[in-house]
Each structure stands twice: as C-alpha cells, then as structure tokens.
Amino acid sequence: MPVAKQAEIMPAEGKLGVLLVGLGAVSTTFIAGVEAIKKGVAEPIGSLTQMGTVRLGKRTDNRVPLIKDFLPLAQLKDLVFGAWDIFPDSAYDAALNAGVLEKELLAQLREPLRKIKPMKAVFDQTYVKRLSGTNVKTGKNKFELAQQLIDEIAGWKRKNKCSRLVMIWAASTEIFLKTHAVHKTIDSFEQAMRDNHKAIAPSMIYAYAALKSGIPFANGAPNLTVDIPALMSLADKNKLAICGKDFKTGQTLMKTIIAPGLKSRMLGLHGWYSTNILGNRDGEVLDDPDSFKTKEESKLSVLEYILQPEVYPTLYKDFSHVVRINYYPPRGDNKEGWDNIDIFGWLGYPMQIKIDFLCRDSILAAPIVLDLALFLDLAQRAGMKGVQEWLSFYFKSPQTAPGLYPEHDIFIQLMKLKNTLRHLRGEDLITHLGLEYYD
Ligand SMILES: NC(=O)c1ccc[n+]([C@@H]2O[C@H](COP(=O)([O-])OP(=O)(O)OC[C@H]3O[C@@H](n4cnc5c(N)ncnc54)[C@H](O)[C@@H]3O)[C@@H](O)[C@H]2O)c1
C-alpha cells in the first residue's frame, strides 16, 4: 500500500489484459458491457472510474475533473479479456446462459464475445460441491497445476500482445476455510502445494500463479484466497498490488449505505433480518452449506464494524443479525432481497424500516470489476504494493493489513479512495473542515 505523495506513475502504454477466473454471470456481464460501451450502444453506469469526478482544492476553485482525466487510467479500447472456466462455453454462450443481458444486445456483441474461449480451469469439486465440469486441467499436484497456469499466462500475454495484466477472481464461492499453518510462509505454502494439502484451494493456486507472474490480483468472492500470510508476503516481495474480498453489491451495499446513516443520528438497533431469493448459478453454489458459510461470514461482519457495539453499548449491544440466501431458480440473476430493520429512537421507542430491493446482481457487480481492473493496474504503475485498502469501497469484506480492523462505512471508504487519488497526484487531501471559507 505505501506510496509517495505525487508518485511517479508509469504511463498506460499498450494493451491491458484482464484475466478473469470464472466466465459466469459477473464476468460475461462485465465483458459484454465494456464491448457495448466501446461500440457506443451503452453508458458505463455504476463505474466510478468512467463517470466519477474528484474535487480538487477549495469548493470555490471549481476544479472537479473526471477521475479518468485526473489519472492515467488504461482506456477501454486497450482492454483485452481472457478467462478460465470449468465449462468450455465461449463468453457469448456463457452470457446467453447466464441470462443477465438481453439476447438482442448480446447479438450485437456476438463477434468479440465468441472469440473469448475459456482456458482449462484449476478445479476441485471438494471446494465447490455443486459444480462439475469438463474443461479442467490435470496435474501431478497443486504445485504443478500452478506451474501450468504460470506458463499459460505467459503464453496468453504474448499471444494477445499485452504490456500489462491484472487477474480478478470472479469464479464460484469456495467452501469455508480457516487460515492454516501451511499458509504462513511462501515456503510452507509451496510445500503444501507439492503435498496436495487440502488447505490449498484452487483460488489460492490462481492467486499464487498471478503473483509469481508479476500480476496484481483482486478477489471478488469471499474465499480466503489471497488473504493469507504466505500470499501477502509474496505480493510484498514481488511488489504487487492485491485486494479483496467479495464484491460489494445488493443487500450488503444497502447495509453499508444505511447503517452509517442510522449511526450518524445515534439511532439504536434491535435487529436486522436479511433474506434473499436468487436463482442463478451463484445461488445454486451458495445452496451448499459449506459455500454459504463463506458468504455468511463475509456478510455478517459488516454491521458489527460499522455500528461499533463496544463503543455504543446502549444503542448496539446484542443486536440480532440474520442473513439468509435461498436458491429459487425462477428468479435467475434478478435477485430479490428483503430487509427488516428494527430500530429505536428517543426514549427507546421502536420503529421499523422495510427494504425490498429488486436488484440485478451482475449489473451491480460488472462496473466493480471494471474499476478494480483499472485501479489495480494504476496501483501497479504507481508502485503500490501489498493490500490496497483504498479499494475497500468495492468489497463486502475488505482485506486489510494484519491486526487492522476493516472500514465498512461506504462514505468513509469513498473518501479514502478519493484522497488516495489526490495523494497520488500531489493534491491537498480534502478534510471537509472548511474553516477557510469563514476567515
Ligand atoms: N453477482 C454479484 O453481485 C456478486 C457479488 C459478490 C460476489 N460475487 C461472487 O462472484 C463470483 C461470481 O459470481 P457469478 O454470479 O458470476 O457466478 P456464476 O456461477 O455465474 O459464475 C462463476 C463461474 O465460475 C466458474 N468456476 C467455478 N470454479 C472455478 C475454478 N476453480 N476455475 C475457473 N472457473 C471456475 C463456474 O463454472 C462459473 O461459470 C461468485 O463467487 C459470487 O459469490 C458475486
């Protein structure tokens, strides 16, 4: 993460390869979206890098450039996409199958999407019980599979004439794993890969291959993946940016918008009950209790950190927080999330808030993938290494330095992100103190 004020940022020359692990609903919606935007048939709604601005200097200075004009981000025309999946379908067929985007729109994008054929995956059903596929690598052990990925990445980069790469995990949620002794050092991790140790999940093999290949890595699912000491040291050692975990979309996005507001007005919370119906493949995978456990942990921690019951026991001690996800095929990717929030106000009088969010998961996730690809590439060119906490804005369960609690409040996260951009460009940070206007 450390970076000097007004850091030297290498220019975004040449093509940027975006390597996606998993070519499912999120990845195909992202790729198709970028192609549609390039074609001029859609706008990059939801993407901070494309639509967001950053205020510089005083409110009276009138300096509010677009983020993409303020910093040398890669341009959409320079993005090239690659992917791995356990199913051999092209991005076009996978997008049709995911059913997020309309057939008419996909038909216009057929040519570029058909060209993207997934490479064979590193996959083991032990870690995603509800899936089985044929497009899978074989190898003597996990270390050898990692070497296959490393060779494949180098070949892909050459073939696609890319000057830089980033890798993003947008594959299924793996079963819940705790940090294990073998995750401690790079040596113990490599030995465990040779021993086919069960503490090494496929997502860790991809992350290892990325970091060995000099590629920054983001984790869009709640799996441990790159959030283990061995891979954090590898990122540091190879001066690579990493971030995760779990794209912040849907219900958790709403939670991190509403909870800071309730807390700001010192309103108490008795309980927050969240339930979802979801019918896509992600929902099917999360129907397995071991994969759901990984997701549940990621979703549950949010309120505790925002509301700080230990600091405000009268308002937030012992509130009840329940999260449910039910697999319900008719809904496809169009999830429905209900929240019942039991709050209390002045003199302890109870009130309720009900939210019914008819959301489209992948529509919310796709711009996050774009922003992460562009910001990770920027971080890399600015010499930022290790955990990129300023990208917490995009995650349900932000990865932080060891011993540091994560910041979940979306408004603080956004301020941190924009201040990081100002810092990179040597501009004054904005504190919102504003005394100078009244001198
Ligand atoms: N959509 C959202 O809003 C959202 C939000 C947060 C997190 N996520 C996470 O992002 C991930 C992708 O979501 P999705 O809706 O695209 O799911 P999806 O099921 O449509 O796609 C995931 C793809 O990953 C593939 N896959 C599984 N294991 C793999 C492996 N080891 N290597 C390569 N490919 C593998 C599957 O075959 C599938 O095609 C999930 O883990 C999900 O929990 C999604």
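Residues numbered from 1 in each chain as written. Predicted model: local features only at pLDDT ≥ 70, side-chain atom pairs only at ≥ 80, totals over all residues. Heavy atoms only, no water.

A. Representation of the site of the ligand within the structure. In the neighbourhood of the ligand, 30 residues make up the surrounding shell, with Val 26, Asp 85, Ala 171, Thr 249 and Arg 281 lying closest. A distance of 2.8 Å is found between an oxygen atom of the ligand and a backbone nitrogen or oxygen belonging to Ala 25. A distance of 2.9 Å is found between an oxygen atom of the ligand and a side-chain nitrogen or oxygen belonging to Thr 173. Protein chains shield 99% of the accessible area of the ligand, which is 830 Å² for the free molecule. (Near = heavy atom within 4 Å. Polar contact = N/O pair within 3.5 Å; in protein donor to acceptor, adjacent residues only side chain to side chain. Areas by Shrake-Rupley, 256 points an atom, 1.4 Å probe, with all protein chains shown as cover.)

B. Looking closely at the packing of aromatic side chains. Applying the stated criterion to the full structure yields nine aromatic pairs. Consider the rings of Phe 30 and Phe 81, whose centres lie 5.4 Å apart with planes at 90°: the pair is edge-to-face. Note that Phe 30 is positioned in helix α1 (residues 25-39) and Phe 81 in strand β2 (residues 79-85), a separation of 51 residues in sequence. The interplanar angle of 50° and the centroid separation of 6.5 Å between the aromatic rings of Phe 143 and Tyr 208 together place this pair among those described as tilted. With Phe 143 in helix α7 (residues 142-159) and Tyr 208 in helix α9 (residues 202-212), this residue pair connects regions lying 65 residues apart in the sequence. Taking relative accessible area as the criterion, Tyr 208 reaches 1% and is therefore assigned buried. An aromatic cluster is defined as three or more aromatic residues linked by ring pairs; in this entry it consists of Trp 84, Trp 169 and Tyr 206. Residue placement shows Arg 194 over the ring face of Phe 143; its charged tip is 4.0 Å from the ring centre. Over the face of the ring belonging to Phe 176 we find Lys 293, whose NZ or CZ atom lies 4.8 Å from the ring centre. (Phe/Tyr/Trp six-rings, centres within 6.5 Å; stacked < 30°, edge-to-face > 60°. Helix = DSSP H or I, 4+ residues; strand = E, 2+ residues; numbered from the N terminus. Buried < 20%, exposed > 50% of the residue type's maximum accessible area, 1.4 Å probe, protein only. Lys NZ or Arg CZ within 6 Å of the ring centre and 35° of its normal.)

C. A look at the pattern of salt bridges. With the rule as written, the count across this model stands at 16 salt bridges. Here Arg 381 makes a salt bridge to Asp 377, at a shortest N to O gap of 3.0 Å. Placement of both Arg 381 and Asp 377 in helix α15 (residues 361-381) is noted, with a separation of four residues, approximately one turn of the helix. Glu 389 is the partner of Lys 416 in a salt bridge, and the nearest nitrogen-oxygen pair spans 3.7 Å. With a gap of 27 residues between them, Lys 416 in helix α16 (residues 410-424) and Glu 389 in the loop between β11 (386-387) and α16 connect regions that are remote in the sequence. Its relative accessible area of 30% is what places Lys 416 among the partly exposed residues. Exposure remark for Glu 389: the relative accessible area of 13% places this residue in the buried category. The network of salt bridges with shared partners includes Arg 164, Asp 377 and Arg 381. (Salt bridge = Lys/Arg side-chain N within 4 Å of Asp/Glu carboxyl O.)

Nothing here speaks to function; it is geometry throughout.
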